[in-house]
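# Structural overview for review
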Amino acid sequence: MTKIEIINYILEVLKITIPAVASVSVVMLGRYFEKQKEIELRIREKKITIYEKFVMDTLNFLLKSQQYSKSKQEKLQNDLVKTFEEFHKNILFWGSDSIIKSYNNYRFKLGSTDAKMEDFEDLIFAFRKDVGHKNKNLCKYDVLKMLLKVDEFDEKGKPKQSTLINNNPDLEMINKEGK
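An account of the accompanying structure is given in this report. Since the structure is predicted, the reported quantities are computational estimates derived from the model, not experimental observations. (Residues numbered from 1 in each chain as written. Predicted model: local features only at pLDDT ≥ 70, side-chain atom pairs only at ≥ 80, totals over all residues. Heavy atoms only, no water.)

## What about the overall build of the chain?
Under the convention used in this document: Helix and strand assignments come from DSSP, with helices taken as H or I runs of at least 4 residues and strands as E runs of at least 2, each series counted from the N terminus. Each residue is placed in one exposure class: buried if its accessible area under a 1.4 Å probe, protein chains only, is under 20% of its type's maximum, exposed if it is over 50%, and partly exposed if it falls in between. Working rule for contacts: check all heavy atoms of both residues, and any pair within 4.5 Å makes them a contact.
Tallying secondary structure elements over the chain gives six helices and zero strands in all. Mapped in sequence order, the helices and strands of the chain form the string α-α-α-α-α-α. Burial statistics for the chain: of 179 residues in total, 27% are counted as buried. Taking contacts inside the chain between residues at least 6 apart in sequence as the whole, the part at least 24 apart equals 55%.

Printed below as a string of structure tokens:
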């Protein structure tokens, strides 16, 4: 065989193998990305379930505990402790880095005297972002407006009363009037 025949032979082989390799590569890459999206979807679904339970249990405590008797408040508080313990366990495995940081910020603020409902709102924004929402058209108090009563906000959209969770003078006044 001459050099030209060898080169022609190699070119003919390449004409057959290059498209075959390219086709197989495209199919394999497609399956890989499909599998990745499926895994991300499963993780997102798990996160939504975890975040939703935490938010609902925490809201139940924050919005109802001031209205109940001492014994019911203690039960709600015990339930909240269980919620936090379960949430700790779950976010160790399912929470993103930003969620763990946001949750720790919320948790440490919750124990302070200046903890506010806005801290809870910030955590909800972090949850929403973690499951794929952009939050770009949401502003401060937009989530709180869903949680609190409409008449608790002024015309500018800010809460009329203090949103302090601990040592809230407005809640203490309500408790005194209710007793």
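Now that the structure has been shown, we can carry on.
## Remarks on the nonpolar core
Counted only if it meets this: Grouping buried Ala, Val, Leu, Ile, Met, Phe, Trp, Tyr and Cys residues that are joined through side-chain atoms within 4.5 Å yields what is termed a nonpolar core.
Tyr-51, Phe-54, Phe-87, Tyr-106, Phe-120, Phe-127 and Leu-147 are the most contacted members of the largest nonpolar core, which has 30 residues in total. In contact with Phe-87, other than residues within four places in its own chain, are Ile-50, Tyr-51, Phe-54, Tyr-103 and Phe-127.

## Observations regarding a positive patch on the surface
Put simply, the rule reads: Patch construction takes residues with relative accessible area above 30% that form no salt bridge. Like charges are linked within 9 Å, and nonpolar side chains (Val, Leu, Ile, Met, Phe, Trp, Tyr) are linked within 5 Å. All accessible-area figures derive from a Shrake-Rupley calculation using a 1.4 Å probe, and residue coverage is judged against the displayed protein chains alone. A pair is scored as a salt bridge if a Lys or Arg side-chain nitrogen falls within 4 Å of a carboxyl oxygen belonging to Asp or Glu. Counted as positive: Lys and Arg. Counted as negative: Asp and Glu, with His and the chain ends omitted from the count. Throughout, a charge is located at the NZ atom of Lys, the CZ atom of Arg, the CG atom of Asp or the CD atom of Glu.
The grouping of Lys-116, Lys-140, Lys-156 and Lys-158 at the surface amounts to a positive patch. Structurally, Lys-140 can be placed in the loop between α4 (117-130) and α5 (142-147). Classification of Lys-140 by relative accessible area gives exposed; the value is 53%.

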